[in-house]
Amino acid sequence: DAGVIQSPRHEVTEMGQEVTLRCKPISGHNSLFWYRQTMMRGLELLIYFNNNVPIDDSGMPEDRFSAKMPNASFSTLKIQPSEPRDSAVYFCASRTGGGSYNSPLHFGNGTRLTVT
Amino acid sequence: AQTVTQSQPEMSVQEAETVTLSCTYDTSENNYYLFWYKQPPSRQMILVIRQEAYKQQNATENRFSVNFQKAAKSFSLKISDSQLGDTAMYFCAFMKHKGGSEKLVFGKGTKLTVNP
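## As for the packing of aromatic side chains
According to the stated counting rule, one finds 14 aromatic pairs over all chains in the structure shown. Note on Y35(A) and F107(A): the rings are 6.0 Å apart at their centroids and 45° apart in plane angle, and the pair reads as tilted. Of this pair, Y35(A) sits in strand β4 (residues 31–38) while F107(A) sits in strand β10 (residues 106–107), and the two are 72 residues apart along the sequence. Overall, the relative accessible area of 0% leaves Y35(A) in the buried class. The rings of Y35(A), F91(A), F107(A), F35(B), Y37(B), F91(B) and F106(B) are connected pair by pair, giving a single aromatic cluster.

## What about empty space enclosed by the protein?
Summed over all chains, the structure comprises 1 cavity of 30 Å³ or more. Volume-wise, the largest cavity comes out at about 30 Å³. Along its surface, the largest cavity is lined by R95(A), S103(A), P104(A), L105(A), F35(B), Y37(B), M95(B) and L104(B). Looking at the lining of the largest cavity residue by residue, the class counts come to 6 nonpolar, 1 polar and 1 charged.

## Regarding the layout of surface pockets
By volume, the largest pocket amounts to about 660 Å³. Around the largest pocket, the lining is made up of 26 residues, and of these Q37(A), M39(A), Q39(B), M89(B) and F91(B) lie nearest the centre. Residue assignment for the lining of the largest pocket shows that the elements contributing at least two residues are β4, β9 (88–95) and β11 (111–115) of chain A together with β10 (88–96) and β12 (110–115) of chain B. Taken as a whole, the second largest pocket holds about 390 Å³ of empty space.

## Describing the pattern of salt bridges
All names here are of chain A. Taken as a whole, this structure holds 11 salt bridges over all chains when the rule is applied. A salt bridge links E18 to K78, with the nearest nitrogen and oxygen atoms 3.9 Å apart. Highlighted residues: E18 in the loop between β2 (10–13) and β3 (19–24) and K78 in strand β8 (residues 74–79), separated in sequence by 60 residues. Relative accessible area serves as the criterion here: at 30%, K78 is assigned to the partly exposed category. Close ionic contact of E83 with R85 constitutes a salt bridge, the shortest N to O distance being 2.6 Å. When salt bridges with common partners are traced through the structure, they connect E62, R64, E83, R85 and D86 into a single cluster.

About the criteria used
- Residue positions are given per chain, counting from 1 as you read along its sequence in written order.
- Whichever chain is written first is A, and whichever ligand is written first is 1; the rest continue in order.
- Given that the model is predicted, a residue must reach a pLDDT of at least 70 before its local features are reported, and side-chain atom pairs must reach 80 or more before they are shown or counted; all residues, however, enter totals for whole chains, interfaces and linings.
- Hydrogens and water are ignored here; the side-chain numbers use all heavy atoms of the structure.
- A pair of aromatic rings is counted whenever rings of Phe, Tyr or Trp (Trp by its six-membered ring) have centres within 6.5 Å, and the orientation is called stacked for planes under 30 degrees apart, edge-to-face for over 60 and tilted otherwise.
- Numbering of helices and strands runs from the N terminus, with a helix taken as a DSSP run of H or I at least four residues long and a strand as a DSSP run of E at least two residues long.
- Burial classes: relative accessible area under 20% of the type maximum marks a residue as buried, over 50% as exposed, and values in between as partly exposed (1.4 Å probe, protein chains only).
- Put simply, the grid is 1 Å and covers the protein atoms alone, a cavity is a trapped set of points that fit a 1.4 Å probe, a pocket is an open set with protein on both sides within 12 Å along at least five of seven lines, and lining residues have an atom within 4 Å of a point.
- Grid points are joined across faces, edges and corners, and a volume is the space filled by probe spheres set on the points.
- Think of it as three bins: nonpolar holds Ala, Val, Leu, Ile, Met, Phe, Trp, Tyr, Cys and Pro, charged holds Asp, Glu, Lys and Arg, and polar takes everything else, Gly as well.
- Counted as salt bridges are all cases of a side-chain nitrogen of Lys or Arg within 4 Å of a carboxyl oxygen of Asp or Glu.

In structure tokens, the structure reads:
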């Protein structure tokens, strides 16, 4: 099992540029989550999908953020245009959904985004 | 909305000793799940232990155990025989089971340092 795979591991970009973060969940997991981690706010849920459908996007900060899950094995989080306050570590996580509510989240290694 | 509070931003312990990390949460739910995650300097999020609210027996995983007090809404983590590799951030997390929501809410974390 390769685990949740995120790319890139680090991203440095200039303010105003578009940033795309990528995630491949664990095969067979049907729930996928995007979290953002900062020192000030800790771990915040941005959005989550179940069976490729967005279920809760109430944590998405503003219209500059968008997320897609075109199939069960791939998801993207896009920021356009990026701003310095978007600098954070972005985690993708997946789990088996449905009735297995106690199944844990499996996290990727995160993408550290720096916007200058 | 559910909240998770970790009142100890930082703690330290001597190698081989026992340490307890505290966590309280606020919810009106009766059925829910609680988790402890570990984040070492590599920033990977690793599941340590989990507890179902309907189970009175405290969960244990080797050197890690919890003290779950449902009425007090308390979920502390005890690490016995602390090892240098236990040095990490520890996050308490809550997940409710209602209406299909799989949202996992995290506390702000406790930074644990194990000293030789």
